[in-house]
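Understanding the architecture of this molecule
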Amino acid sequence: MSQTGLKPVNTDEPDYDMTGAITTYEITVTGAQSVQVATKNRLTVGVSITFKNRLNEKANFTQTFTRFSDFDATQIIQNVEAALIEDIGNQLADDIFNKAFVNW
């Protein structure tokens, strides 16, 4: 918001309306040292976004955005989860903003 002229409004008819839901939240193994020893894990987060542009209906979309971040398998997810979510969240926000407002 600080990098655009956009601001939230309290009205029944905003120019833009965005809704979303988290559709994926999973931890998988991405690297292995041997058959039984994982070296890297990956947190993947996906969100489904519906964007309505009342000024230009051709810009409307519904799309799923997915991003991930890897972490050492020796780390406990609860200890790194907040930092991973912040990183992934920032990437997702950039992707969604760029999709919604790329033609500015």
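Summarised in this report is the structure supplied together with it. (Residues numbered from 1 in each chain as written. Predicted model: local features only at pLDDT ≥ 70, side-chain atom pairs only at ≥ 80, totals over all residues. Heavy atoms only, no water.)

1. So, the packing of aromatic side chains
Applying the stated criterion across every chain yields a total of six aromatic pairs. Considering the side-chain rings of Tyr16 and Phe101, the 5.2 Å spacing of their centres and the 90° angle between planes classify their relative orientation as edge-to-face. Here Tyr16, found in strand S1 (residues 16-34), pairs with Phe101, found in helix H1 (residues 77-101); they are 85 residues apart in sequence, far enough to count as distant. We classify Tyr16 as partly exposed; its relative accessible area is 27%. Take Phe101: its relative accessible area is 9%, and that puts it in the buried class. One aromatic cluster in this structure is built from Tyr16, Phe51, Phe61, Phe65, Phe97 and Phe101. Seen from the ring of Phe68, Arg42 lies directly overhead, with NZ or CZ sitting 3.7 Å from the centre. Residue placement shows Lys99 over the ring face of Phe61; its charged tip is 5.4 Å from the ring centre. (Phe/Tyr/Trp six-rings, centres within 6.5 Å; stacked < 30°, edge-to-face > 60°. Helix = DSSP H or I, 4+ residues; strand = E, 2+ residues; numbered from the N terminus. Buried < 20%, exposed > 50% of the residue type's maximum accessible area, 1.4 Å probe, protein only. Lys NZ or Arg CZ within 6 Å of the ring centre and 35° of its normal.)

2. Let's talk about the side chain of Gln91
On the secondary structure map, Gln91 appears in helix H1. Among the polar contacts made by the side chain of Gln91, one reaches the side chain of Arg67 at a distance of 3.1 Å. When sequence neighbours within four positions are dropped, the list of residues in contact with Gln91 reads Arg67 and Phe68. (Polar contact = N/O pair within 3.5 Å; in protein donor to acceptor, adjacent residues only side chain to side chain. Contact = heavy atoms within 4.5 Å.)

3. Observations concerning the pattern of salt bridges
This structure, assessed with the given rule, holds four salt bridges. A salt bridge links Arg54 to Glu13, with the shortest nitrogen-to-oxygen separation between them at 3.6 Å. Residue Arg54 is located in the loop between strand S2 (37-53) and strand S3 (61-72), and its partner Glu13 is located in the segment before S1; the two are separated by 41 residues in the primary sequence. The partner of Lys40 in a salt bridge is Asp72, and the shortest N-O contact between them spans 3.0 Å. You can see Lys40 sitting in strand S2 and its partner Asp72 sitting in strand S3, a full 32 residues away along the chain. Accessibility expressed as a relative area gives 35% for Lys40, which makes it partly exposed. (Salt bridge = Lys/Arg side-chain N within 4 Å of Asp/Glu carboxyl O.)

4. A look at the side chain of Asn53
Looking at where Asn53 falls in the secondary structure, it is placed in strand S2. Residue class for Asn53 comes out buried when judged on its relative accessible area of 9%. In terms of polar contacts, Asn53 uses its side chain to reach the backbone amide nitrogen of Asn56, at 2.9 Å. Contacts of Asn53, omitting those with residues within four sequence positions, involve Asp15, Tyr16, Ala59 and Asn60.

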